[in-house]
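Remarks on the overall topology
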Amino acid sequence: MPQDRIESAGAEAIRLKTLSKPGYVEHEELFYLIVELSRHISTQFDKLMLRHRLTHSQWWALMHIYKQEGLTQSALATLMQMGRASAGALLEKLAAAGWIERRPDPSDSRVRRVFLTLAAIPVFEQMQAEGETQFKVFLKGVTLAEERQLIDGLRRIRTNSEQHDASSALES
């Protein structure tokens, strides 16, 4: 049997097996779409940000700092799913560009908290302009009510995931 027919038969066997599980296919499609859409949005935004000489890690870190200013470097590394050393090197680059500052924690001088500087404003203006363009393209034909419903559903999924992570951590 040729290799491509063997692979096709294997994929078909997997499809038949998963189809026998009620609800699996619908959930599979939802999570597959979430992951694929996330990658697509990120890739498109990376291309736009390259015009402004911003790497994926840089704009991603700036967005996290903007959303939760004052996080510790360690918390930011965890949030960004990076090692502490990698996050530290990234933050050093952002600080050297003048976009962030790292301040000692008032209660523990070993801890550094991360804040945006006024020099980051032009960067955010560029990010916002590019983001607005992407919103128009990606959300074409999606009503505000549909968008809000999607947001509510995705927040519920995230909350469930975070609660599961927290309970799993307590068990181990």
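Scroll up to find the structure this text is about.
Residues numbered from 1 in each chain as written. Predicted model: local features only at pLDDT ≥ 70, side-chain atom pairs only at ≥ 80, totals over all residues. Heavy atoms only, no water.

1. Examining the environment of Leu37
With respect to the helices, strands and loops of the structure, Leu37 is situated in helix H2 (residues 24-50). Look at Leu37 and you get partly exposed, because its relative accessible area is 48%. (Helix = DSSP H or I, 4+ residues; strand = E, 2+ residues; numbered from the N terminus. Buried < 20%, exposed > 50% of the residue type's maximum accessible area, 1.4 Å probe, protein only.)

2. What to know about the packing of helix H3 (residues 56-67) against helix H6 (residues 121-138)
Two numbers describe how H3 lies on H6: the axes approach to 12 Å, and their chain directions differ by 105 degrees. On the basis of the axis angle, H3 is roughly perpendicular to H6. The residues of H6 that touch H3, namely those facing Trp59, Leu62, Met63 and Tyr66, are Val123, Phe124 and Met127. (Axes fitted to C-alpha atoms, helices over the stretch in contact; angles between N-to-C directions. Parallel < 35°, antiparallel > 145°, perpendicular 65-115°, else oblique. Contact = heavy atoms within 4.5 Å.)

3. Here we look at the packing of aromatic side chains
Tallied over the entire structure, the rule returns three aromatic pairs. The interplanar angle of 40 degrees and the centroid separation of 5.3 Å between the aromatic rings of Tyr66 and Phe124 together place this pair among those described as tilted. Residue Tyr66 is found in helix H3, and its partner Phe124 is found in helix H6; the two are separated by 58 residues along the sequence. In textbook terms, an aromatic cluster arises when at least three aromatic residues are bridged by ring pairs, as seen for Phe45, Trp59 and Trp60. Above the ring of Phe115, the side-chain terminus of Arg103 is found at 3.8 Å from the ring centroid. (Phe/Tyr/Trp six-rings, centres within 6.5 Å; stacked < 30°, edge-to-face > 60°. Lys NZ or Arg CZ within 6 Å of the ring centre and 35° of its normal.)

4. Re the pattern of salt bridges
Using the criterion set out here, one finds five salt bridges in the structure. Arg51 is paired through a salt bridge with Glu130; the nearest N and O atoms lie 3.4 Å apart. Of this pair, Arg51 sits in the loop between H2 and H3 while Glu130 sits in helix H6; the two residues are 79 residues apart in sequence, bridging distant segments of the chain. Between Asp108 and Arg110 there is a salt bridge; the shortest N-O distance is 3.0 Å. (Salt bridge = Lys/Arg side-chain N within 4 Å of Asp/Glu carboxyl O.)

5. Here's the deal with the side chain of Gln58
Along the polypeptide, Gln58 turns up in helix H3. In contact with Gln58, other than residues within four places in its own chain, are Arg53, Leu90 and Leu94.

6. Focus on the pairing of strand E1 (residues 100-105)
Bridge count for E1 against strand E2 (residues 108-116) is six bridges, and the pairing is antiparallel. The residue bridging Arg103 from the neighbouring strand is Arg113, located in E2. (Pairing = 2+ DSSP bridges.)

7. Here we look at H6
For H6, which comprises 18 residues, the first-to-last C-alpha distance of 25 Å matches the rise-based estimate of 26 Å (1.5 Å per residue) to within 8%. Where H6 is concerned, the buried positions are Val123, Phe124, Met127, Glu130, Gly131 and Gln134. The buried residues of H6 occupy one face: seen down the axis, they fall within an arc of 135 degrees. For H6, exposure combined with an orientation more than 90 degrees from the buried face picks out Glu125 and Lys136. (Expected span 1.5 Å × (residues − 1). Arc of directions from axis to C-beta.)

8. Considering unusual backbone geometry
The general pattern is negative phi for most residues beyond glycine and trans for most peptide bonds. Its identity as a non-glycine residue notwithstanding, Arg53 has a phi of 60 degrees, on the positive side. Position of Arg53 among the secondary structure elements: in the loop between H2 and H3. For Gln81, which is not glycine, the phi torsion reads 55 degrees and is therefore positive. Note on placement: Gln81 falls in the loop between helix H4 (73-79) and helix H5 (84-96).

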